[in-house]
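In case you want the letters, here they are:
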Amino acid sequence: MNTISPRQRRSLSRRTLLLGGLGALAAVGVPTMVACTPDPTPNATKPTPSTTNLAPSTTDPTPSTINLAPSTTLTGHTHWVTSVAFSPDGKTLATGSNDKSVKLWDVAGHNTIATLTGHTDEVTSVAFSPDGKTLATGSLDKSVKLWDVAGHNTIATLTGHTGEVFSVAFSPDGKTLATGSFDKSVKLWDVAGRNIVAILTGLTGHTGVVFSVAFSPDGKTLASGSLDKSVKLWDVAGRNIVATLTSHTGNVSSVAFSPDGETLATGSADKSVKLWPTR
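What you are looking at is a predicted structure, and each value in this text was computed from that prediction instead of being measured.

(A) Region of the structure containing the pairing of strand 19 (residues 273-277). For strand 19, a buried count of 4 out of 5 residues is recorded, marking the element as mostly surrounded by other parts of the structure. Where strand 18 (residues 263-268) lies against strand 19, 5 bridges are found, and the strand directions are antiparallel. By the bridge assignment, T263 is partnered in strand 19 with P277. In this antiparallel pair of consecutive strands, strand 18 and strand 19, the connection spans 4 residues, and K271 shows a positive phi of 75°.

(B) The sheet that holds strand 7 (residues 144-148), seen in detail. Spatially, 4 strands are ordered 5-6-7-8 in an open sheet, and the strand pairing comes out antiparallel. Strands with a single pairing partner mark the edges of an open sheet, and in this sheet they are strand 5 (123-128) and strand 8 (153-158). Mean inter-strand twist for the sheet, computed between neighbouring axes without regard to direction, equals 25°.

(C) Structural detail: the pattern of salt bridges. Taken as a whole and assessed by the stated rule, the structure comprises 1 salt bridge. In this structure, D218 and R279 form a salt bridge, with 3.9 Å as the shortest nitrogen-oxygen distance. Pair noted here: D218 is in the loop between strand 13 (210-215) and strand 14 (221-226) and R279 is in the segment after strand 19, with a separation of 61 residues, a long-range link.

(D) Quick look at the side chain of T244. Among the secondary structure elements, T244 is positioned in strand 16 (residues 240-245). Side chain to side chain, T244 and K232 meet in a polar contact 3.3 Å long.

(E) Structural view of the sheet that holds strand 18. On the basis of which strands lie adjacent, the open sheet formed by 3 strands has the order 17-18-19 and antiparallel pairing. A strand with exactly one partner marks an edge of an open sheet, and here the two such strands are strand 17 (252-257) and strand 19. Pairwise comparison of adjacent strand axes, ignoring direction, gives a mean angle of 20° for this sheet.

What counts and what doesn't
Residues numbered from 1 in each chain as written. Predicted model: local features only at pLDDT ≥ 70, side-chain atom pairs only at ≥ 80, totals over all residues. Heavy atoms only, no water. Buried < 20%, exposed > 50% of the residue type's maximum accessible area, 1.4 Å probe, protein only. Helix = DSSP H or I, 4+ residues; strand = E, 2+ residues; numbered from the N terminus. Pairing = 2+ DSSP bridges. Axes fitted to C-alpha atoms, helices over the stretch in contact; angles between N-to-C directions. Salt bridge = Lys/Arg side-chain N within 4 Å of Asp/Glu carboxyl O. Polar contact = N/O pair within 3.5 Å; in protein donor to acceptor, adjacent residues only side chain to side chain.

Written out as structure tokens, the structure is:
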């Protein structure tokens, strides 16, 4: 499962991108319902110095159906839309596409503000910095680009991954960018310096493609989901793994922390979403 031929790579990326993230679905108006317990009871094994195996919390969901209609439809991309992200003030929407472009939209006016071009392959992920001034984009061209949102131009192109980049995420203070890649690594970049400050792999790192990354609200922990069916929790300052979550039976395509940082949601090809207590 973890070994993929070059021939299967593009097919894999397309299937994976269709899975999307919980935030992406909500941004385009598709209802997503994940119940987070306010004070989950941890169910974990005794931690070792470098690794902790956590068990997902469980709930007894009540079946419900909500039928919503979109308030508007934004058109302009010429191929699949793979990723979406709102700016922190909610006024701008960024979208990445298989047409190799990124579009910025005026949410209120429902019109295109700018089309950002420069990637030479499909754009897989988009993320705004906390101050909304910078946009990060990841691509199958193995690069990450930083864009000036106001000026609509490229600030920097970050190279260093040896495989396609599937996920990008800013730390809460905006100083660090995390990226996940086909090369099985998670890289941490200094946004101001435009350089790699850490490569998170190690002996207990991921053994498969890294599809998704997300910082905890306090910026101290980074979660990464992988083709190897696991989720890793990394100590950002120490650059080491603090927990390995191994309950999924399919690749993990999406990870997200709750606003209070006490719960991690993970989405998988095994058709499930799991909620994990992080404390």
